[in-house]
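Given next are the chains, with one letter for each unit.
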There are 2 protein chains.
Amino acid sequence: MTLPNRKPGAIPAATIARLPIYHRVLASFGVSGVTTIASEELAAACGVSPAKLRKDLSHLGSFGTRGVGYNVSYLTFQIARELGVTKSRGIVIVGMGNLGRALASYRAFGGRGFHIVGIFDRDHELVGNTIVCGQESFTVKPVGELPAVVSQSDVNIGVITTPAESAQEIADLMIQAGLVSILNFAPVVLNVPEQVEVRKVDLAVELQILAFHDQRSDSDENLQEQLVRAEIA
Amino acid sequence: MTLPNRKPGAIPAATIARLPIYHRVLASFGVSGVTTIASEELAAACGVSPAKLRKDLSHLGSFGTRGVGYNVSYLTFQIARELGVTKSRGIVIVGMGNLGRALASYRAFGGRGFHIVGIFDRDHELVGNTIVCGQESFTVKPVGELPAVVSQSDVNIGVITTPAESAQEIADLMIQAGLVSILNFAPVVLNVPEQVEVRKVDLAVELQILAFHDQRSDSDENLQEQLVRAEIA
DNA sequence: TAGATTGTTAATCGATTAACAATC
DNA sequence: TAGATTGTTAATCGATTAACAATC
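The present account deals with the structure reproduced in this document. Position numbers for residues start from 1 in each chain and track the written sequence from start to end. Starting at A for chains and at 1 for ligands, labels are handed out in the order in which the entities are written. Local features in this predicted model are restricted to residues whose pLDDT is 70 or higher, and side-chain atom pairs enter the listing and the counts only when it is 80 or higher, whereas totals over whole chains, interfaces and linings include all residues. Side-chain metrics rest on all non-hydrogen atoms present in the structure, leaving aside hydrogens and water.

### Notes on the interface of chain B and chain A
When the parts of a complex come together, some accessible area is lost, and that lost area is often used as the size of the interface. As a reminder, the rule being used: Here, residues are in contact when the closest pair of their heavy atoms is within 4.5 Å. Any carboxyl oxygen of Asp or Glu within 4 Å of a side-chain nitrogen of Lys or Arg constitutes a salt bridge here. Pairing of N or O atoms within 3.5 Å defines a polar contact, subject to two protein rules: one partner must be a possible hydrogen donor and the other a possible acceptor, and residues neighboring in sequence count only if both atoms are side-chain atoms. Going along the chain from the N terminus, every DSSP run of H or I of four or more residues is numbered as a helix, and every run of E of two or more is numbered as a strand.
Each partner contributes residues to the interface: chain B has 59 residues there, and chain A has 59 residues. For arginine 216 of chain B, the salt bridge is made with glutamate 82 of chain A, and the minimal N-O distance between the two is 2.8 Å. Our count for the chain B to chain A interface comes out at 23 residue pairs in polar contact (both at pLDDT 80 or more). Top element by residues in the side of chain B that touches chain A is helix H9 (residues 203–232) of chain B. It accounts for 16 residues.

Here is the structure:
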């Protein structure tokens, strides 16, 4: 007997990665007053093909109406439910350099299902400073207080914006405190137990991928130019 | 006759996305004085399997020595060459809010193959301000000057850190000025011609993907707890 | 030669796509 | 009923993996 490759109800990783896009685009159609939308229009707004969109949504259930389309608010809610953002999830940010401060003062979190529970730094010079975010303001706490904050408040996700050298140490601290979801901005590969999910954003990685494309388009352009010149001659 | 699906020498997208990781990890082995490394150790440090690493590298050529491993500096150079970062590539950043300022003052660009050519904002209040980045400092220019800077200097990549409302407009401006590689931090899907490559970083998207994982691990944990309790009873 | 490690093969797995039956 | 659009199927495509022959 062969076991199935995936749990029956499981949703493909590639689909999960696109759900936040669908969610945001649907929400913006919602505020524009659109109540019903067809896969073709929604897909175009999300930058994917209608087939892919419908396939993705089919993994969550069948929320559309044939011949009509999808109810915008109903579908928005179903995706939010699948992602686990129907109630706001708490985050902590460790590392109050330029990037950490930029994130802590980012005002669009609330609307996407997140709220900041605490911000931390190792540097005593920074501890006690406050960062204003719209109506709210947060005070920088010493990293030593991270475990207490995580165990006493409802924290779901840890964000690391420290230099590369301290990132592993902070990750260990977060995991010890019970966090299993980490967003890492430090340019280093974290070593974590397998039940911990780490997502990584590295600006230089994104730029290098673009550099590859840019280099290719340069040579393509030269090729085109050469072809044009060849025709002229 | 059937055409091949991909150009013969073409490198898979999944491989390209991993090359920057290999490059950074190799560079750090290099500064640590390691001269030769086996796929097993390099793969572990990069968080991938040795098979995947060797397969990825095999698309670039055969740069290793059987029975020995890879020469660190030689492989580092070959990957840099493939990515197109053997010479530093110029970037412009538009939108000098918190995130834009954080990027403009990020000191690790130089070591990864990039330098800032110009920073821009629409807001007249911000124009003329300077942002310090290590030894250098940059002055915020009005967006109107973007085309001139792109055409007069050697700019390869445009970075958008504006609010969502202005992002499309700025993208159009960049494309008109001749840029074909854009890194977009605004939470909006850009509409661009197909020869333009856009990479998108959306913090809330990353967090929502983690929220999905976090939600799942919650229910898994409950399941485990329940199992433990059942055993005790 | 013996041991080590690469580069490649072939099998498996997962994601994408186009087409269309189902159904509003 | 006729037109529209979903949800699903089956085919294709691309990525991953394990195993091993090649070779240092």
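Back to the write-up after that little detour.
### What to know about helix H2 (residues 39–46) of chain A
Turn by turn, an α-helix covers 3.6 residues, leaving residues three or four places apart pointing in a common direction. Residue and element names in this part refer to chain A. Going by this rule: Only protein chains enter the calculation, and the probe is 1.4 Å; a residue is then buried if its accessible area is under 20% of its type maximum, exposed if over 50%, and partly exposed in between. Arc definition: it is the arc formed by the directions from the helix axis to the C-beta atoms.
Of all the residues in H2, the buried ones are Ser39, Leu42, Ala43 and Cys46. For H2, the angular spread of buried residues about the axis comes to 100°, placing them on one side. Pointing more than 90 degrees away from the buried face of H2 are the exposed residues Glu40 and Ala44. Looking at the buried residues of H2, the elements they touch are helix H1 (13–31), strand S1 (36–37), helix H3 (50–58), strand S3 (69–71) and helix H4 (72–83).

### Let's talk about the packing of aromatic side chains
Residues and elements named next belong to chain A. The condition that has to hold: Centres within 6.5 Å make a pair out of two Phe, Tyr or Trp rings, where for Trp the six-membered ring is used; the pair is then stacked when the planes are under 30 degrees apart, edge-to-face when over 60, and tilted otherwise.
The full count for this structure, using the stated rule, is 4 aromatic pairs over all chains. Residues phenylalanine 63 and tyrosine 74 carry aromatic rings whose centres are separated by 5.6 Å and whose planes lie at 85° to one another, so their mutual orientation is edge-to-face. Within this pair, whereas phenylalanine 63 is found in the loop between H3 and strand S2 (64–65), its partner tyrosine 74 is found in helix H4, the two being separated by 11 residues in sequence. Here the aromatic rings of tyrosine 106 and phenylalanine 109 are separated by 5.2 Å at their centres, their planes lie at 85°, and the arrangement is edge-to-face. Given the relative accessible area of 4%, phenylalanine 109 is considered buried.

### As for the relation of the copies chain B and chain A
Keep this limit in mind: Copies overlap after least-squares fitting; the atoms used are the C-alpha atoms of residues with pLDDT of at least 70 in both.
Structural alignment of chain B on chain A gives an RMSD of 0.0 Å, achieved by rotating through 180° and translating 0.0 Å along the axis. Taken together, the rotation angle and the small translation identify this as a two-fold axis. The share of interface residues of chain B whose copies in chain A are also at the interface is 100%, consistent with both copies meeting through the same surface.

### Regarding helix H4 (residues 72–83) of chain B
Residue and element names in this part refer to chain B. Our working definition: Given the number of residues in a helix, its expected span is that number minus one, multiplied by 1.5 Å.
If you check H4, its first and last C-alpha atoms are 17 Å apart, about what 12 residues at 1.5 Å a residue would give, namely 16 Å. Within H4, the full set of buried residues consists of Val72, Leu75, Thr76, Gln78, Ile79, Ala80, Glu82 and Leu83. Where H4 begins, the capping side chain belongs to asparagine 71, and its oxygen is found 3.1 Å from the backbone nitrogen of serine 73.

### Quick word on the sheet that holds strand S5 (residues 114–121) of chain B
What holds strands together in a sheet is hydrogen bonding between their backbones, with the strands either parallel or antiparallel. Residue and element names in this part refer to chain B. Operational definition: For two strands to count as paired, DSSP must find a minimum of two bridges between them. Axes here refer to lines fitted to C-alpha atoms; in helices the fit is confined to the stretch in contact. Angles between the N-to-C directions go from 0 to 180 degrees.
As summarised here, the arrangement of the 7 strands in space is S6-S7-S5-S4-S8-S9-S10, forming an open sheet in which the pairing is mixed. Pairing within the sheet leaves two strands with one partner each, and these edge strands are strand S6 (130–133) and strand S10 (197–200). Taking each pair of neighbouring strands and ignoring which way they run, the sheet shows an average axis angle of 25°. Both strand S4 (residues 89–94) and strand S8 (residues 157–160) contribute to a ladder of 4 bridges, which runs parallel. Looking at S8, one finds that isoleucine 91 is bridged to isoleucine 157.

### Quick look at the protein's contact with DNA strand C
Quick note on the threshold: Here a residue is near a molecule or strand as soon as one of its heavy atoms is found within 4 Å of it. Residues were grouped as follows: Ala, Val, Leu, Ile, Met, Phe, Trp, Tyr, Cys and Pro as nonpolar; Asp, Glu, Lys and Arg as charged; and all remaining residues, including Gly, as polar.
In the neighbourhood of DNA strand C, 28 residues make up the surrounding shell, with Arg18 of chain A together with Ser39, Lys55, Gly64 and Tyr70 of chain B lying closest. Considering the 4 Å shell around the protein, atoms of DNA strand C inside it are sugar or phosphate in 63% of instances. Here a base nitrogen of DNA strand C sits 2.9 Å away from a polar atom, N or O, in the side chain of arginine 66 of chain A. Note that a phosphate oxygen of DNA strand C is positioned 2.6 Å from one of the backbone N or O atoms of serine 39 of chain B. Listed by contribution, the elements that provide at least two residues to the surface near DNA strand C are H1 and H3 of chain A together with helix H3 (50–58), strand S2 (64–65) and strand S3 (69–71) of chain B. Top contributing element to the surface near DNA strand C by residue count: H3 of chain A, with 4 residues. Of the residues belonging to the surface near DNA strand C, the class tally is 8 nonpolar, 11 polar and 9 charged.

### What to know about the pattern of salt bridges
All told, the structure shown has 16 salt bridges over all chains when counted by the stated rule. Measuring nitrogen to oxygen at the nearest pair gives 2.7 Å for the salt bridge that ties arginine 18 of chain A to aspartate 56 of chain A. Of this pair, arginine 18 of chain A sits in helix H1 while aspartate 56 of chain A is found in helix H3, placing the two residues 38 residues apart along the sequence. Aspartate 56 of chain A sits in the buried class, given a relative accessible area of 2%. A salt bridge links aspartate 214 of chain B to arginine 89 of chain A, with the shortest nitrogen-to-oxygen separation between them at 2.7 Å. Highlighted residues: aspartate 214 of chain B in helix H9 and arginine 89 of chain A in strand S4 (residues 89–94), drawn from two different chains. Considered together, aspartate 214 of chain B and arginine 89 of chain A belong to a single accessibility category, that of buried residues. Salt bridges linked by common partners bring Arg24 and Arg112 of chain A together with Lys200 and Asp202 of chain B together as one network.

### Here's the deal with the protein's contact with DNA strand D
The environment of DNA strand D is formed by 28 residues, the closest being Ser39, Arg54, Lys55 and Tyr70 of chain A together with Arg18 of chain B. For DNA strand D, the fraction of atoms within 4 Å of the protein that belong to sugar or phosphate moieties is 63%. One of the backbone nitrogen or oxygen atoms of glycine 67 of chain A is found 3.0 Å away from a sugar or linking oxygen of DNA strand D. Between DNA strand D and the protein, one listed contact pairs a phosphate oxygen with a side-chain N or O atom of arginine 18 of chain B at 2.8 Å. Elements supplying a minimum of two residues to the surface near DNA strand D: H3, S2 and S3 of chain A together with helix H1 (13–31) and H3 of chain B. Of the residues forming the surface near DNA strand D, the biggest block, 4 residues, is contributed by H3 of chain B.

### Structural notes on the sheet that holds S4 of chain A
All names here are of chain A. Pairing within the open sheet is mixed, and its 7 strands lie in the order S6-S7-S5-S4-S8-S9-S10. Two strands bound the open sheet, and with one partner strand each, they are strand S6 (130–133) and strand S10 (197–200). Ignoring strand direction, the axes of neighbouring strands in this sheet form an average angle of 25°. For S4 and strand S5 (residues 114–121), the ladder comprises 6 bridges, and the chain directions are parallel.

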